[in-house]
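Chain by chain, the residues run as shown.
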Number of protein chains: 2
Amino acid sequence: MVGVGSQGKPPTVKEVARHAGVSPMTVSRTLAGGANVRPDLQERVLAAVHELGYRRNENARILRPGQASGLIGVAITNLGNPYYGNFALGVEEVAAETGRRIVLGNTGGDPARERQLVADFLGRQVEGLVLVPAGGPSDHLQPGRLGDVPLVLASRRIYGLDVDVVLLDDVGGAYRGTLALLDAGHTRIGYLGYVSSAFTGARRYEGYVRALEERGLHPDPALVFREQEDAAGGAIRRLLDLDEPPTAIFSANNRNSIDALREIGRRLRSGATPQEMPALVSFDDFELAELMPVPVTIVDHDPRQLGREAARLLLSRLGADARQRGPARMVEMPVRVAPAVPSA
Amino acid sequence: MVGVGSQGKPPTVKEVARHAGVSPMTVSRTLAGGANVRPDLQERVLAAVHELGYRRNENARILRPGQASGLIGVAITNLGNPYYGNFALGVEEVAAETGRRIVLGNTGGDPARERQLVADFLGRQVEGLVLVPAGGPSDHLQPGRLGDVPLVLASRRIYGLDVDVVLLDDVGGAYRGTLALLDAGHTRIGYLGYVSSAFTGARRYEGYVRALEERGLHPDPALVFREQEDAAGGAIRRLLDLDEPPTAIFSANNRNSIDALREIGRRLRSGATPQEMPALVSFDDFELAELMPVPVTIVDHDPRQLGREAARLLLSRLGADARQRGPARMVEMPVRVAPAVPSA
């Protein structure tokens, strides 16, 4: 339903402003997202918009220099994982500071779904894209395909794609976590990690190997399980069932850690003693880690900060001439290792 | 940058279609979100759009009957909580089945932020709104303010607002959880809940009271702590420090449960025995509940299903004449209570 103004023509911003008793600038700002407009004024504007049947001229607005949709497309791999929920929250917070909103899509780690989402976002005239890559081919992300829409990658890099990326200090975190186990006297340290083809998986394994080698040790193939998203499939059971099981485990992600702890819990309920169970260092925090039946040291990091940093990188590329503001940047976010590993 | 077509005028959909070697319908569908368009065709369309500098006429499109922005505004209270991350995922999945996307905002439970987000979403011409209410006044949600944009509430109802709502079976879940403790022989059952003014808090307390009264018992004011979002502030300590502490606790949400377990864990590490600690029933699941130092029974529910149902209710209100499709509906989603409470 399109309303009519005083002359039988569609109502203008000025008429909406007069009706609401505010300035035309307040009307424009409210319709552009409401940044810096008091909630009560926004409501008066929206009431007037409704009563007059005003529709913003989206076309004219988008074509005007410096104006845009005010939308950031965000595609993540698993919104149900609190890690990525907090990541999206960080992006949303920083976007909201500029009156922008996020359009959110979940890829489920499926490259085909990622391609569709990116195409969809471009069709919606997003101003920028933040993507946790699903891991497939990247031709749909090449600059020619995205036009002048900037892209920021988070958590994972894509080689050959020259865009801003924000990562965790994966190598350093895994190195320090493994070193903490070595310092506590462990030498047989198992590794639970996800598929080695994954960017993050490869980096964390690199940190594990680097710490071992610094102490004159080498990864023992019998103790390394690198090909599982989580440890429910049996990797942890095979580690614990070895004739000489590891006295400690470095787990490269929280899904592997949680499944390892589930199996350790089962064995303790079946009569194993905590002393027979390995110490654990987990990359990624999880709730109640301090209540676990064996000591767990966490390589901790803040997904919300990761999201905030991704949004900041993206916003710095928006606006006139921003594409020329220098080459692609890589930011590594710090991690913490705590609490200390008990002596072996 | 606006491109030009063969006649020096802006390019048309037909020209984009010819350039991409697809039908104009495929171009339109791709630009409308890509539902039912193969990813490779979408990419050809987007490449052609970029090369020709085509811009969709958003204004004309939105004014056309039956066409709309394809956006659903979703405002939730805490995206960092995995519960709401999964809720948003459920909404996103069902919206995506119709080629729609979600614009997501986080209120942090702040009513002023909710008002701003709703105003913002309306300014973006969302087709519908899904809202987990922050709990403030609701005048900004009245039909007059929303125009013809349908609204679905999730988790919490707002009295006096006649819209579709999807809830958990809060009363039934708390009733059955408390009954499980009574059946196991407990009669001194503490209550940890959040502010009683909250809709969900009031309903869960109602279920607790109903179970007690069915067995001829009444809530003991010394055992009931209803005014905290979580139990970090001392409610659990005051319960455990009573001369005659409860032998069991019903906790109305996972934040209270987790803080209770943290305190119980501290006391066990300080020499208390598990037998001295209360049994726990928790409304809301949390990860690794089965590894806790005392038995925990969960009143479990599926936030993703809650989100899916909210989106279904909303979609049924979209399209021509949908507003006339009957009165507001209330859907209660089922809960499960497991595992059994050990005998007292």
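Residues numbered from 1 in each chain as written. Chains lettered and ligands numbered in written order. Predicted model: local features only at pLDDT ≥ 70, side-chain atom pairs only at ≥ 80, totals over all residues. Heavy atoms only, no water.

Attention now goes to unusual backbone geometry. In this model, alanine 338 of chain A is joined to proline 339 of chain A through a cis peptide bond whose omega is -10°. Summarising the element assignment, proline 339 of chain A is placed in the segment after strand E12 (336-338). The backbone of serine 155 of chain A sits at a positive phi, close to 75°, despite the residue not being glycine. Inspection of the secondary structure assignment puts serine 155 of chain A in the loop between strand E4 (151-154) and strand E5 (164-168). Phi is positive for aspartate 284 of chain B, which is not a glycine, with a value near 90°. (Helix = DSSP H or I, 4+ residues; strand = E, 2+ residues; numbered from the N terminus.)

Attention now moves to the environment of glycine 190 of chain B. Residue and element names in this part refer to chain B. Mapped onto the fold, glycine 190 is located in strand E6 (residues 189-192). Exposure remark for glycine 190: the relative accessible area of 0% places this residue in the buried category. The contact partners of glycine 190, leaving out residues within four places of it in the chain, are Tyr208, Leu223, Leu239, Pro246, Ala248, Ile249 and Phe250. (Buried < 20%, exposed > 50% of the residue type's maximum accessible area, 1.4 Å probe, protein only. Contact = heavy atoms within 4.5 Å.)

Moving on: the packing of helix H8 (residues 170-183) of chain A against helix H9 (residues 199-214) of chain A. How two helices pack is summed up by the angle between their axes together with the distance between the axes. Residues and elements named next belong to chain A. Their axes nearest at 7 Å, the elements H8 and H9 cross at an angle of 40°. By the criterion of interaxial angle, the relationship of H8 to H9 is oblique. Note that H8 runs across H9; the crossing there is right-handed. For the pair H8 and H9, contact is made by Asp170, Val171, Ala174, Tyr175, Thr178, Leu179 and Leu182 and by Thr200, Arg203, Arg204, Glu206, Gly207, Tyr208, Arg210, Ala211, Leu212 and Glu214, respectively. Residue classes in the contact of H8 with H9 are distributed as eight nonpolar, three polar and six charged. (Axes fitted to C-alpha atoms, helices over the stretch in contact; angles between N-to-C directions. Parallel < 35°, antiparallel > 145°, perpendicular 65-115°, else oblique. Left-handed = near helix turned anticlockwise from the far one by under 90°. Nonpolar A, V, L, I, M, F, W, Y, C, P; charged D, E, K, R; others polar.)

With that settled, the discussion passes to the pairing of strand E2 (residues 101-106) of chain B. Of all six residues making up E2 of chain B, six are buried, and the element is well covered by its neighbours. Neither face of E2 of chain B is open: one carries Arg101, Val103 and Gly105 of chain B, the other Ile102, Leu104 and Asn106 of chain B, and all of them are buried. Two strands pair when backbone bridges link them, and strand E2 (residues 101-106) of chain A and E2 of chain B are joined in this way by three bridges, in the antiparallel orientation. Counted as the bridge partner of isoleucine 102 of chain A is leucine 104 of chain B from E2 of chain B. The sheet contact formed by strand E1 (residues 71-76) of chain B and E2 of chain B spans six bridges and is parallel. (Pairing = 2+ DSSP bridges.)

A separate point is the relation of the copies chain B and chain A. Its rotation angle being 180°, the transformation that places chain B on chain A also includes 0.0 Å of axial translation and leaves an RMSD of 0.1 Å. The transformation just described matches what one would write down for a two-fold rotation axis. When the interface residues of chain B are mapped onto chain A, 99% of them are again interface residues, pointing to one common binding face. (Least-squares fit on C-alpha atoms with pLDDT ≥ 70 in both.)

Moving on, we get to the pattern of salt bridges. Residues and elements named next belong to chain A. Scanning the model with the defined rule gives 54 salt bridges over all chains in all. For the salt bridge of arginine 215 with aspartate 183, the shortest nitrogen-to-oxygen distance reads 2.9 Å. One end of the pair, arginine 215, is in the loop between H9 and strand E7 (224-225); the other, aspartate 183, is in helix H8, with 32 residues separating them in the sequence. Using a relative accessible area of 54% as the deciding quantity, one classes aspartate 183 as exposed. Across the salt bridge formed by arginine 312 and glutamate 309, the nearest N and O atoms sit 3.0 Å from each other. Pair noted here: arginine 312 and glutamate 309 are both in helix H12 (residues 303-315), with a separation of three residues, about one helical turn. By relative accessible area, which is 37% here, arginine 312 ends up partly exposed. Classification of glutamate 309 as buried rests on a relative accessible area of 18%. Salt bridges sharing common partners tie together Asp170, Arg203, Arg204, Asp284 and Glu332. (Salt bridge = Lys/Arg side-chain N within 4 Å of Asp/Glu carboxyl O.)

Sheet architecture is open: 12 strands sit in the order E11(A)-E5(A)-E4(A)-E3(A)-E1(A)-E2(A)-E2(B)-E1(B)-E3(B)-E4(B)-E5(B)-E11(B), paired in mixed fashion. Every interior strand has two partners, whereas the edge strands, strand E11 (330-333) of chain A together with strand E11 (330-333) of chain B, have only one. Each neighbouring strand pair of the sheet contributes to a mean axis angle of 20°, computed without reference to strand direction. Two strands pair when backbone bridges link them, and strand E5 (residues 164-168) of chain B and E11 of chain B are joined in this way by four bridges, in the parallel orientation. Bridging from a neighbouring strand, valine 165 of chain B pairs with methionine 330 of chain B of E11 of chain B.

On to the interface of chain B and chain A, then. Contact residues are listed per partner, giving 70 residues for chain B and 70 residues for chain A. Where chain B abuts chain A, roughly 5,800 Å² becomes buried across the two surfaces, and 54% of that area is made up of carbon and sulfur atoms. When residues of chain B are sorted by the area they lose upon contact with chain A, Glu43, Arg124 and Leu291 of chain B head the list and together hold 11% of the total. Put simply, arginine 115 of chain A and glutamate 43 of chain B hold a salt bridge, and the shortest N to O gap is 2.9 Å. (Buried area = accessible area lost by both parts, 1.4 Å probe.)

This next bit is on the sheet that holds E12 of chain A. Paired through their backbone hydrogen bonds, the strands of a sheet run either parallel or antiparallel. Residue and element names in this part refer to chain A. Sheet architecture is open: six strands sit in the order E7-E6-E8-E9-E10-E12, paired in mixed fashion. Of all strands in the sheet, those bounded by a partner on one side alone are E7 and E12. Those strands touched by H9 are strand E6 (189-192), E7, strand E8 (248-251) and strand E9 (279-283), and its axis lies near 170° from that of E6.

A few words on helix H5 (residues 82-96) of chain A. Residue and element names in this part refer to chain A. Given a rise of 1.5 Å per residue, 15 residues ought to cover 21 Å, and the 21 Å separating the end C-alpha atoms of H5 matches this to within 8%. The element H5 is largely enclosed, with a buried count of 14 among its 15 residues. Between the side-chain oxygen of the N-cap and the backbone nitrogen of tyrosine 83 there are 2.8 Å, and the N-cap of H5 in question is asparagine 81. (Expected span 1.5 Å × (residues − 1). Polar contact = N/O pair within 3.5 Å; in protein donor to acceptor, adjacent residues only side chain to side chain.)

Taken by themselves, the reported measurements are silent on function.
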